[in-house]
Amino acid sequence: MQEDGSQVNLDFVRAIVAADSKSNKWDGRVVTRFPPEPNGYLHIGHAKSICLNFGIAAEFGGVCHLRFDDTNPEKEEQEYVNSIIEDVRWLGWDWGEHLYYGSDYFEQMYEYAVQLIKAGKAYVCDLTAEQIREYRGTLTEPGRDGPDRNRSVEENLDLFEKMRKGEFPDGSRTLRAKIDMAHPNLNMRDPVMYRIVHAEHHRTGDKWCIYPMYDWAHGLEDSVEKITHSICTLEFENHRPLYDWFLDELGAYHPQQIEFARLNLTYTVMSKRKLLRLVQEGYVEGWDDPRMPTVSGMRRRGYSPEAIREFCRRIGVNKFNSTVDMALLEHCLREDLNKTSRRVMAVLRPLKVVIDNYPEGQSEELEAVNNPEDPQAGTRKVPFSRELYIEQEDFMEEPPKKFFRLAPGREVRLRYAYFVTCTDVVKDEAGNIVELHCTYDPATRGGDAPDGRKVKATLHWVSAADAVEAEVRLYESLFTKENPDEAGEGEDFTANINPDSLETVTAHLEPSLAGAEPLDRFQFERLGYFCADAGSRAGKPVFNRTVTLRDAWAKIQKGQKNT
RNA sequence: UGGGGAAUAGUGUAAUGGUAGCACGACUGACUCUGGAUCAGUUAGUCAAGGUUCGAAUCCUUGUUCCCCAGCCA
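Residues numbered from 1 in each chain as written. Chains lettered and ligands numbered in written order. Predicted model: local features only at pLDDT ≥ 70, side-chain atom pairs only at ≥ 80, totals over all residues. Heavy atoms only, no water.

Draft legend 1. How the structure looks around the overall build of chain A. Looking only at helices and strands, chain A features 13 helices and 27 strands. Whereas a compact globule of 563 residues would reach a radius of gyration of roughly 24 Å, chain A reaches 31 Å, over 25% beyond that. For chain A, the spread of C-alpha atoms along the three principal axes comes to 100 × 55 × 45 Å. Taken across its 563 residues, chain A has 51% of its residues classed as buried. In chain A, once contacts between residues fewer than 6 apart in sequence are set aside, the share between residues at least 24 apart is 70%. Of the roughly 26200 Å² of accessible surface on chain A, a fraction of 46% belongs to carbon and sulfur atoms. Taking the 72 positively charged and 95 negatively charged side chains of chain A as two groups, their mean positions are separated by 3 Å. (Helix = DSSP H or I, 4+ residues; strand = E, 2+ residues; numbered from the N terminus. Rg over C-alpha atoms; globule rule 2.2 N^0.38 Å. Buried < 20%, exposed > 50% of the residue type's maximum accessible area, 1.4 Å probe, protein only. Contact = heavy atoms within 4.5 Å. Areas by Shrake-Rupley, 256 points an atom, 1.4 Å probe, with all protein chains shown as cover. Lys, Arg positive; Asp, Glu negative; His and termini not counted. Charge placed at Lys NZ, Arg CZ, Asp CG, Glu CD.)

See the structure below:
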């Protein structure tokens, strides 16, 4: 229900939860879970799942568990656990007491496995991995029963115990469910439940040398935690019959698995495997590189949790694959940042301006609005003096049509300061414009002309003597193609990496920015939103460009070039 | 050629037998001390063909296209 009492359209997952709540199917409980494997950093696709699971719990008065599905010691690390916890919390969600680890249930899972063996529904198999594949058959041909399929319960119990005790080498045996080797769903052809892996687990150490497979572990984890709705992605649809089979055979508490489509975004890749390659092969500087679609990268880039949550709300939830336009993410970003970011002035590519009729040695402080969208943000003082920097692209000696900014003889406004008119252009020997001379109108102090005359442009600027120098990183998308996987023969997504995804400049900032703290977000007026880098320090400030402002002039230029 | 899913403007998503709507994008225009924001408008869609019905995106039939599955990964 919305605030006005009208019925809001529910996505198909919420529709199921709503119906179950109404029918009291789960005694009125709603318990979801977000179950990441700690083998990589969370990305925007995970954020979709997080917002779905935690969002549903919040909306229906339930709870959402954060559970690490840590059943593969060879790929999982504590570093990933830590980053995941930080990211989910940063996104604004709270799991209360409900932080769980699949590995905490290993003993229970073992006992359940024994129960299944005793029921004649599981057996120890001596086939090698390759042999198992051969016996499994193919998509169109049924599999065959293996030689160990009809071992006695006693022998299975004995062997399974010895597996646990570490009496067999890695890969020598498995415990398998006894279902149907001719089943049309390959997942049902006697799936492996346990494999032998003598590996150090990040939480259980060397206590175990057999580890449960996903299909066996996941349903039990859900069951133990009394989950009501086990929401996962589409590729697990084929696994649902197995999820159901295990829990039914065990007679255990049985949540409902519901599958939804994972998120795809234009101009980026989303699989952990590909993100890992970007990191390992040095295309980016780490999991939290601001060009990465990881939650940590986006945080460092300057995204707000609110923007990400709003994005996740708007993209909806469905059962078919789709690719969301990056422009929607950026829209949600700008929408939030516009309301919340302090405005400041910064010049990225400085062009010196001398105000000839402004007294040498004089300076003054002018009042500037911190956020026109939020009167509560107040005002600040910005120093003005005879020598200033403006943006190189705000001046053209021979302005084309529709260029409203500064040009010889033209008057523009310096924001919050004065109207100035360009009187002279100074060039170096190579013909590059290196300095401008202007005159100002003292009567326009603050930026308003008492005689009511208008100018067509307002420029941002900084006082040269007061400017703070900073490293500013200008990010563009990491890939040049909407679909990075669209690569030529013998190429992969790395062939579409944007060579210009990062440009670093030395910018001149207004002095108020000297005290910016890491992750502080600002709007550099007329340029875009910028975020103090996590490693930014007083004395050596570093800012990352989060996203540019919408830029009508850039669009006109693009159009002019194309004609 | 086995099984499991899915198809609505360029993109994302509503409409569950009763006017195909919303958002993003794109394009106009208004306004503006950010060529920002805001406001107004334009653009454009039911995978196909049959059928049921007074009426179909929705139900039925046939077809087409796309996604997932042959890890001792999750």
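Draft legend 2. Representation of empty space enclosed by the protein within the structure. Counted according to the given criterion, the structure contains 1 cavity of 30 Å³ or more. Taken as a whole, the largest cavity holds about 40 Å³ of empty space. Around the largest cavity sit Tyr-214, Asp-215, His-218, Gly-219, His-239, Tyr-243 and Gln-257, which together line it. The leading source of residues in the lining of the largest cavity is helix α7 (residues 214-224), at 4 residues. Looking at the lining of the largest cavity residue by residue, the classes come out as 2 nonpolar, 4 polar and 1 charged. (1 Å grid on protein atoms, 1.4 Å probe; cavity = no way out; pocket = protein on both sides within 12 Å on 5 of 7 lines; lining within 4 Å. Points joined across faces, edges and corners; volume = space filled by probe spheres on them. Nonpolar A, V, L, I, M, F, W, Y, C, P; charged D, E, K, R; others polar.)

Draft legend 3. Representation of the nonpolar core in the model. Counting residues in each nonpolar core, the largest one holds 38 residues, and the members touching the most others are Ile-44, Ile-50, Phe-54, Val-88, Leu-265, Ile-308 and Phe-311. Where this core is concerned, the elements lending two or more residues are α2 (44-59), β2 (63-68), α3 (78-90), α10 (295-301), α11 (305-315) and α12 (326-340). Here this core gets 6 residues from one element, more than from any other, and that element is α2. Residue-level mapping places this core at the junction of two domains, with at least three residues from each of domain 1 (12-262) and domain 2 (272-342 + 470-561). Non-local contacts of Leu-265, meaning those with residues more than four positions away in its chain, are made with Ile-44, Met-270, Phe-311, Thr-323, Val-324, Asp-325, Met-326, Leu-329 and Glu-482. Counting 36 residues, the second largest nonpolar core, distinct from the first, contains Phe-168, Met-193, Ala-199 and Trp-216. (Core = buried A, V, L, I, M, F, W, Y, C linked by side-chain atoms within 4.5 Å. Domains from an automatic or database assignment.)

Draft legend 4. Spotlight on the side chain of Arg-189. Following the sequence through the fold, Arg-189 ends up in the loop between β5 (174-177) and β6 (192-196). In this structure the side chain of Arg-189 is engaged in a polar contact, spanning 3.5 Å, whose partner is the backbone oxygen of Met-181. There is a polar contact of 2.5 Å between the side chain of Arg-189 and the backbone oxygen of His-183. Other than its neighbours up to four places away in sequence, Arg-189 contacts Arg-136, Gly-137, Thr-138, Glu-141, Pro-142, Gly-143, Arg-176, Asp-180, Met-181, Ala-182, His-183 and Pro-184. (Polar contact = N/O pair within 3.5 Å; in protein donor to acceptor, adjacent residues only side chain to side chain.)

Spatial relationships are all this shows, so hold off on functional conclusions.
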